[in-house]
Amino acid sequence: MSRHHHRRRLALPVFFLLLLEVFLPSAAKNHHQSTDPPIDPIPITRFREYLRIITAHPTPDYTSAINYLLNLSSEIPSLQSEVLYFTPQKDKPLLLLTWAGSDPTLPSILLNSHLDSVPAEPHKWVHPPFSAHYAGDGKIFARGAQDDKCIGIQYLEAIKSLSQENQFRPLRNLHISFVPDEETGGFDGMAKFVESEEFKKLNVGFVLDEGQASPGDEYRVFYADRSPWHIVIKAVGIPGHGSRMYDNCAMENLMKSIEVINKFRDAEFDKVKAGLAMNSEVISANPVFLNAGTPSPTGFVMNMQPSEAEAGFDVRLPPTADPDSLRRRIAEEWAPAWRNMTFKITEKGPLRDYLGRPLLTHTNDSNPWWSVFKDAVIAASGKLAKPEILASTTDARFMRQLGIPTLGFSPMKNTPILLHDHNEFLKDSVFLEGIKVYKSIIRSLTSFAGSP
Ligand SMILES: [Zn+2]
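Residues numbered from 1 in each chain as written. Predicted model: local features only at pLDDT ≥ 70, side-chain atom pairs only at ≥ 80, totals over all residues.

The chain goes by N-acyl-aliphatic-L-amino acid amidohydrolase in an unreviewed UniProt entry, where it is assigned to Oldenlandia corymbosa var. corymbosa. We quote the UniProt Subcellular location (unreviewed entry) comment for the chain here in full: "Cytoplasm". (UniProt positions renumbered as here; feature names shortened; annotations may be inferred.)

Below, the structure is given as structure tokens:
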């Protein structure tokens, strides 16, 4: 056998290896060497297809996303679909899917996710943010990979898999909503949906909405959001020459207030630093703008003390905070009238539900849904971290306002928190494991025969 001939015999397998190199997602190859289970390419493909539909603000392509999801749901015969519109222009569709239970008189289960995402700056990403690049280590890079297109596809894949099990049929109705505009406040999306006749008819008893990634081995779960207050304090005073020292000028009054607010901020932050509270369990008060001075062509007039000065603060209240006591503190200490100060509070969300109760979902035995949810995660070999308050705000607040128990949960463990960040990604194996977790959760929640 000549050496030349030997090389030709090797050429064919080498050619196939090259083909594999081109066509197989690299994660699938890696799994040949590792002990991980093989990657199921179909849910991954769907996840990537959904990620490639650009639903980022300011011009989210809702139509393509809805069409894509309608097509996916049509492959699951047990699902009925409906597209709802709550704006006169009909430009913000909401997709509602339903898997009918055997006893539709029982309160139903709602699984929610949002269609939209925040924008991305492509030049700051290692892979284009709407390409859903599938990297060699199994990471899928895309805007929306964590927040929150993952859960939308996981819901559907879990339902599809459950509906193929002939012996399983939900007892309660299961609804899945894909809502627009969460990232811009939800006002034309979930806020209008929960007020609609269509929503009332669903008779929702329990909701799962988005959560956040967990860098550790435990899944995170959220029972409340913090509520934002935008606070602007304003000082007025006698204007005067830059050289004069006198009491009660606007800048002096404003700076005294800033010191007082900063002391409050430090005291809250100290509780976090001492390990007594999590970041989201305290009131945060962060300065976001200062506005003062008399403009000149080159900047500001330097020999004049201005007659007005104001500062803005982003304040976040956990549901456990007492809003009346904070309002009093603002009026008496942060912007007291006796120091020539006024203030404006813009409350960006509710702190209490329609019965005046703090806007939170109980995560103890008083809430039977909590036990069903927790046991279902454990049954899928998942571990749950201590329930948390979310530092920011989601659509979950609209359901909690109606008194409907709502948990924030996105099954992403061993994953860095990258929502709204550059290079947002989710690993294929984490995404697929999430489908198994949802299968267990959906089976348990829809089979729950207890009283609520
Ligand atoms: Zn989100």
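On we go from here.
1. Examining the overall build of the chain
Counting its secondary structure elements, the chain contains twelve helices and 19 strands. Considering only C-alpha atoms, the chain reaches an extent of 100 × 70 × 50 Å along its principal axes. For the chain, with 452 residues in total, the buried portion stands at 40%. Sequence separation of at least 24 residues holds for 78% of the intrachain contacts in the chain that already meet a minimum separation of 6. (Helix = DSSP H or I, 4+ residues; strand = E, 2+ residues; numbered from the N terminus. Buried ≥ 20, exposed ≤ 12 C-beta atoms within 10 Å, placed from the backbone. Contact = placed C-beta atoms within 7 Å.)

2. Digging into helix α8 (residues 250-273)
Since the α-helix advances by 3.6 residues per turn, residues separated by three or four positions end up pointing in the same direction. Over its 24 residues, α8 extends 34 Å from the first C-alpha to the last, a length consistent with the 34 Å expected when each residue adds 1.5 Å. Inspection of α8 places Ala-250, Asn-253, Leu-254, Ser-257 and Ile-261 among the buried residues, and these make up the whole buried set. Buried-residue contacts for α8 involve β9 (227-236), β11 (284-292), β15 (308-317), α9 (323-334) and β16 (341-347). Immediately beyond the C-terminal end of α8, within one or two residues, lies Gly-275, with a positive phi of roughly 80°. (Expected span 1.5 Å × (residues − 1).)

3. Observations concerning the packing of helix α3 (residues 41-52) against helix α5 (residues 149-163)
Contact geometry of α3 with α5 gives a least axis separation of 10 Å together with a crossing angle of 140°. Taken together, the axes of α3 and α5 lie oblique to each other. Read as a crossing pair, α3 and α5 show a hand that is right-handed. Residues Pro-43, Arg-46, Phe-47, Tyr-50 and Leu-51 of α3 form the contact with α5, whose own contacting residues are Lys-149, Cys-150, Gly-152, Ile-153 and Glu-157. Residues of the contact of α3 with α5, tallied by class, amount to six nonpolar, one polar and three charged. (Axes fitted to C-alpha atoms, helices over the stretch in contact; angles between N-to-C directions. Parallel < 35°, antiparallel > 145°, perpendicular 65-115°, else oblique. Left-handed = near helix turned anticlockwise from the far one by under 90°. Nonpolar A, V, L, I, M, F, W, Y, C, P; charged D, E, K, R; others polar.)

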